[in-house]
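# Topology and contacts: notes
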Amino acid sequence: MTIYNFAAGPATLPDQVLAQVQAELTNYQGTGLSILEISHRSVQFTTLLAQAKQLLLQLMNLTEREYEVLFLQGGATLQFTMVPLNLANKFHRVAFVNSGHWAERAMAEAKLIPDLAVEEIATSAPQFNHFPTVEFTGPAQYDYLHLTTNNTIFGTSLKQLPAANLPLVGDLSSNFLAQDYPFDHFDLIYAGAQKNLAPAGLTVVVVKKSLLSQMPTALPAMLSYRKLAAKDSTLNTPPVFQIYVAKLVLEWLVSQGGVSAMEAINRQKAQLIYEVIDQTNFYHNPVRPADRSLTNIPFTTGNSALDQTFITTAEQAGLKNLKGHRLTGGMRASLYNAMPLAGAVALRDFMLQFAKDHAEEK
Ligand SMILES: *Cc1c(COP(=O)(O)O)cnc(C)c1O
């Protein structure tokens, strides 16, 4: 039986990448050492770090001249603090679009920074069943606008970046390289790697080089993009293994045709599931259709006992981790880049059969 992992994160990785990791785990490129043991100062690691940076910029259509790539730890959550510490220097005022749980978490952490005004300029609370519209009138006296492009828990995503004449910061954790954006519209992008890129323990930050020189120098080194960039992400020991896997995933993404090709496949996968939800009248998804996420699809039967039966029956059929987030209940299918089309087909078929088998229990 083929197993498909629909977890929201840590999430499924491409089979090809796992096979490559396994094949070279005990002997990395003829060194006789495992990647788990090599030094972050070795030529092998320095080479792989440079390759990972180059591949990431290539996939995002960004240039090395304009953007710096940082490989950090602390998860996307630490970025909720690092972004304002480094970027809120001029107006000491930052704007947030509150599109869901993670945007709220990001705002809450920013509010803990002394002398910083944190303003919610658009919201879809409390239901978070659509992506809020962002409109600016007059000059925007903010250091930046913070967006969470994909709402991992409630299943909404931003389809078009807002036109705003101020620096744009994006938490792209749950649709990173899975949905195409004009990435050069962002001044800073961050993403926890465990959803679309690598095992947990790595956070990617892509930041405009022109901003680095304006950042404060008085910050502790591990919280300073400027100091971390000056040491090329090796100010201390970086997560070598995670960066290695990220590099393999980035190579795999290039071989698949890049971000726009991934988005096309992700659309197809998501469409299969949304079609069942909309056409059977057995499942529900509360999100406004135009704002539906490609990567995280929450749904319910409207009956929590039946939802539980769905989750356990699906598990037995090899469709793992479909339990919804504790905030929403029900089910959630995460269809990140590494989920093959066949996985979405298997879930679609299972959903159709389950709806037939349990039609009476609704
Ligand atoms: C998962 C997630 C986070 C939290 O990521 P960590 O790496 O666990 O800190 C933040 N933002 C979004 C959009 C997420 O999906």
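Here is a short report on the structure shown in this document. All of these numbers come straight from a predicted model, not from anything done at the bench.

This next bit is on the sheet that holds strand E2 (residues 67-72). Here seven strands make up an open sheet; going across it, the order is E2-E10-E9-E8-E5-E3-E4 and the pairing mixed. In this open sheet, the two strands that pair with only one neighbour each are E2 and strand E4 (117-123). On average, each strand axis in the sheet is tilted by 20° relative to the strand beside it, whichever way the strands run. Bridge count for E2 against strand E10 (residues 203-208) is six bridges, and the pairing is antiparallel.

A word on the packing of aromatic side chains. In the structure shown here, the tally under the stated rule is 13 aromatic pairs. Where Tyr 283 meets Phe 299, the ring centres are 5.8 Å apart and the plane angle is 85°; that geometry is what we call edge-to-face. Taken together, the positions of Tyr 283 in the loop between helix H8 (258-280) and strand E11 (296-299) and Phe 299 in strand E11 put the pair 16 residues apart, joining distant regions of the chain. Taking relative accessible area as the criterion, Tyr 283 reaches 2% and is therefore assigned buried. Within the aromatic cluster, the residues linked to one another by ring pairs are Phe 282, Tyr 283, Phe 299, Phe 310, Phe 350 and Phe 354. Seen from the ring of Tyr 142, Arg 93 lies directly overhead, with NZ or CZ sitting 4.3 Å from the centre.

Attention shifts here to the site of the ligand. Residues in contact with the ligand amount to 13 residues; listed here are only the nearest, Thr 77, Thr 152, Asp 171, Gln 194 and Lys 195. Between the ligand and the protein, one listed contact pairs an oxygen atom with a side-chain N or O atom of Gln 194 at 2.9 Å. For the ligand, the accessible surface in isolation is 380 Å², of which the surrounding protein chains cover 87%. At four residues, helix H3 (residues 75-87) tops the list of elements feeding residues into the shell around the ligand. Among the residues forming the shell around the ligand, the class breakdown is three nonpolar, eight polar and two charged.

The rules behind these values
- Residues numbered from 1 in each chain as written.
- Predicted model: local features only at pLDDT ≥ 70, side-chain atom pairs only at ≥ 80, totals over all residues.
- Heavy atoms only, no water.
- Pairing = 2+ DSSP bridges.
- Helix = DSSP H or I, 4+ residues; strand = E, 2+ residues; numbered from the N terminus.
- Axes fitted to C-alpha atoms, helices over the stretch in contact; angles between N-to-C directions.
- Phe/Tyr/Trp six-rings, centres within 6.5 Å; stacked < 30°, edge-to-face > 60°.
- Buried < 20%, exposed > 50% of the residue type's maximum accessible area, 1.4 Å probe, protein only.
- Lys NZ or Arg CZ within 6 Å of the ring centre and 35° of its normal.
- Near = heavy atom within 4 Å.
- Polar contact = N/O pair within 3.5 Å; in protein donor to acceptor, adjacent residues only side chain to side chain.
- Areas by Shrake-Rupley, 256 points an atom, 1.4 Å probe, with all protein chains shown as cover.
- Nonpolar A, V, L, I, M, F, W, Y, C, P; charged D, E, K, R; others polar.

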